[in-house]
Amino acid sequence: MFPGFEPSASDGKGGIHLIVLFDPEIGKDRFVKAFTIATGGQDVWRNGTHQTSTKNAQDLLGELKDLKLREGDSWDYLCIAPHAFSSKGAVESLKGDLGKHFTYGNIAALELKDNHLRQDAIDGHSYLEAHLKQYCQSLIHSSDAYGLVNGGLVGQVPCVDSPQKKGIGYRYTLVKLASARIESLRQAFLSSDSRLRIVYEKDASKQLQYRKDIPLSVDASRPWLRSITIEEGTSFFGGKDKRQVLRFSPDLTCIIGGRMTGKSTLLDGIRIYCKIAAPQLPNLANDVKDRSNRLLSGNPTITLDIASPIAATLSHCERWPARFFTQRELASIAKDADNVRKILYHLAPSGSTDLLNPFRVNSPPLAAS
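Residues numbered from 1 in each chain as written. Predicted model: local features only at pLDDT ≥ 70, side-chain atom pairs only at ≥ 80, totals over all residues. Heavy atoms only, no water.

Visitor: Let's hear about the nonpolar core: which residues, and what values?
Guide: One finds Leu18, Phe22, Leu64, Phe85, Phe102 and Leu110 to be the most contacted residues of the largest nonpolar core, which totals 33 residues. Of all the secondary structure elements, the ones that give two or more residues to this core are strand 4 (19–22), helix 1 (27–39), helix 2 (57–71), strand 7 (77–81), helix 3 (90–94) and helix 6 (128–135). When residues in this core are grouped by element, the largest group, five residues, is from helix 2. For Phe102, the contacting residues outside a window of four places in its chain are Leu18, Ala57, Leu61, Ala90, Leu94, Ile107, Tyr135 and Gln137. Grouped together as the second largest cluster of nonpolar side chains are 16 residues, Ile228, Ile230, Leu246 and Ile276 included. (Core = buried A, V, L, I, M, F, W, Y, C linked by side-chain atoms within 4.5 Å. Buried < 20%, exposed > 50% of the residue type's maximum accessible area, 1.4 Å probe, protein only. Helix = DSSP H or I, 4+ residues; strand = E, 2+ residues; numbered from the N terminus. Contact = heavy atoms within 4.5 Å.)

Here it is as C-alpha cells:
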C-alpha cells in the first residue's frame, strides 16, 4: 500500500483531480509538508465540499519535485490522473492541451471511465493515442470505495464475480512490480504492454466482463529462482565479512551489464554450483569452470531460495531445472538447424508442433542468425 492523497488542482473550469502516491519512507512530517504544498495550505474539506487547491497542476507537481530534491532520495512519488475522462478529469478539462500541462514524467497513468476500455477512450479523443505514446502514459482501471460500509463486500461475499458490483476494489488493473516501490510502479506504467493488464473485456451487449485469460500472479507449477545469497568467500559478489543477496524476477529473461561486471561469472557459478550440465566441447567447459571458480572462490556459503512444486529435499537442479548457454555455446548452436529447433521448442512451446515436424508441407526453413 502506497500512502497518498487526492488534491484538486486549479486548472480547467472546476479543477483537476490528481492522486499523488509516495514510498512509505516519506514519513509523517514530509507527508504533511507534501500535503500542505498540494492543497495550498488551505482546509481541503469545507462545508461538505472538496476544496480546490490554490495551485495549478504544474505548480503543484513542480513544488513536490523541489521538496523531494531538498529532502533527499530516500523516498519517491508519482502522480495519477483519476477519473480522467469525467468533467473534473485531466482529459475532459484540458482536452487537446493535456500535453502542454502535463509534460513528460508528470502524470504516470490516466484512469479510464468505469465502462470504458482503452479503445473506447481513444475513439472518443482523436489526439489521445499519439499523446499516450509521446508521454509514455498508461490507461488504467481503479475504483473508489463505494462499498466501504460493507467493507468491500456485497451481501458478505467479496465482490469479484461482477465488475458492476461497486465494492472496494471492484475495478482494478493488474500490475507487475519488481518491488513494492514507487520507482517499480513508474517502470510498470512506462512498460504497460508487458507490465499492465486490464482485466476486462466487453461482451456482445458492450458490457464489461472479466477476461478469461488473466494469468496468475506467479504460476506455482513453474520453478522460480527467487534469490541467491552469497556470504563470505573471496569473490566480488561476496567477500570477507560480506553478505550479498541477488533477487530475481519470475519472468527473468536476461542479465544486462557492461564488460567485466560479473554476468558470466554469476551465471556460470550458479550452473556449476547447481550441478547443471557443462558445455560438451572441452574448451567451452573449461571456460565455464574458470568463470565459476571466480564466484565460488574462498568457499563461500551459498543459499538458493527456489519456489518449486518439487520437494525441497531434492537437489537444486531437480527443483529448478534451468538450461544454461554461454555466448560461445549459442554461437556454435546457431550453426546447426536441429539445435536451433530444440532451443525454440523450449522458448516457444505454442509452436512446438511445427518445430517437431520439419517436413511439414509448405513449412518455411529454419534460419539461424
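Visitor: Could you give an account of the packing of aromatic side chains, with specific residues and numbers?
Guide: Each pair of aromatic rings is reported with the distance of its centres and the angle of its planes. Applying the stated rule across the entire model yields eleven aromatic pairs. Taking 5.3 Å as the distance between ring centres and 85° as the angle between the ring planes, the aromatic pair formed by Phe5 and Phe35 counts as edge-to-face. With Phe5 in strand 1 (residues 4–5) and Phe35 in helix 1, the pair connects residues that are 30 residues apart, well separated along the chain. A residue is classified by how much of its surface remains accessible, and Phe5, at 9% relative accessible area, is buried. (Phe/Tyr/Trp six-rings, centres within 6.5 Å; stacked < 30°, edge-to-face > 60°.)

Visitor: Talk me through the sheet that holds strand 18 (residues 301–307); I want residue IDs and the actual numbers.
Guide: Across the sheet, which stays open at both edges, the three strands sit in the order 17-16-18 with antiparallel pairing between neighbours. In the strand order of this sheet, the two ends are held by strand 17 (239–247) and strand 18, each with one partner. Averaged over all pairs of adjacent strands, the angle between their axes in this sheet comes to 10°, without regard to strand direction. For strand 16 (residues 224–232) and strand 17, the ladder comprises six bridges, and the chain directions are antiparallel. What sits directly across from Glu232, in strand 17, is Gly239. (Pairing = 2+ DSSP bridges. Axes fitted to C-alpha atoms, helices over the stretch in contact; angles between N-to-C directions.)

Visitor: An account of unusual backbone geometry is needed here, citing residue identities and associated values.
Guide: Where the residue is not glycine, phi is negative for most of them; where a peptide bond is considered, it is trans in most cases. Notably, His83 is not glycine yet its phi reads approximately 25°, a positive angle. Note on placement: His83 falls in the loop between strand 7 and helix 3. Of the residues examined, His83 reaches a relative accessible area of 24% and is grouped as partly exposed. We note that Lys206 has phi near 70°; this positive angle belongs to a residue other than glycine. Relative to the helices and strands, Lys206 is located in the loop between strand 14 (200–202) and strand 15 (208–210). The exposed category is assigned to Lys206, whose relative accessible area is 60%.

Visitor: Talk me through the sheet that holds strand 9 (residues 138–140); I want residue IDs and the actual numbers.
Guide: With respect to topology, five strands assemble into an open sheet ordered 1-4-7-8-9, the strand pairing being mixed. Each end of this open sheet is capped by a strand with a single partner; those strands are strand 1 and strand 9. Bridge analysis of strand 8 (residues 109–111) against strand 9 gives three bridges, and the strand direction is parallel. By the bridge assignment for strand 9, Leu110 is matched with Leu139. Relative to strand 7, helix 2 is tilted by about 165°, and along the sheet it contacts strand 4 and strand 7.

Visitor: Tell me what's going on with the pattern of salt bridges, and back it up with residues and numbers.
Guide: One pass over the full model with this rule turns up 13 salt bridges. A salt bridge links Arg186 to Asp76; the shortest N-O distance between them is 3.0 Å. Of the two residues, Arg186 is situated in helix 7 (residues 182–190) and Asp76 in the loop between helix 2 and strand 7; the sequence distance between them amounts to 110 residues. The shortest N-O distance in the salt bridge between Arg271 and Glu329 comes to 2.9 Å. Placement of Arg271 in helix 9 (residues 263–273) and of Glu329 in helix 12 (residues 327–333) is noted, with a sequence separation of 58 residues between them. Counted as one network, the salt bridges with shared partners bring together Asp23, Glu25 and Arg181. (Salt bridge = Lys/Arg side-chain N within 4 Å of Asp/Glu carboxyl O.)

Nothing here speaks to function; it is all geometry.
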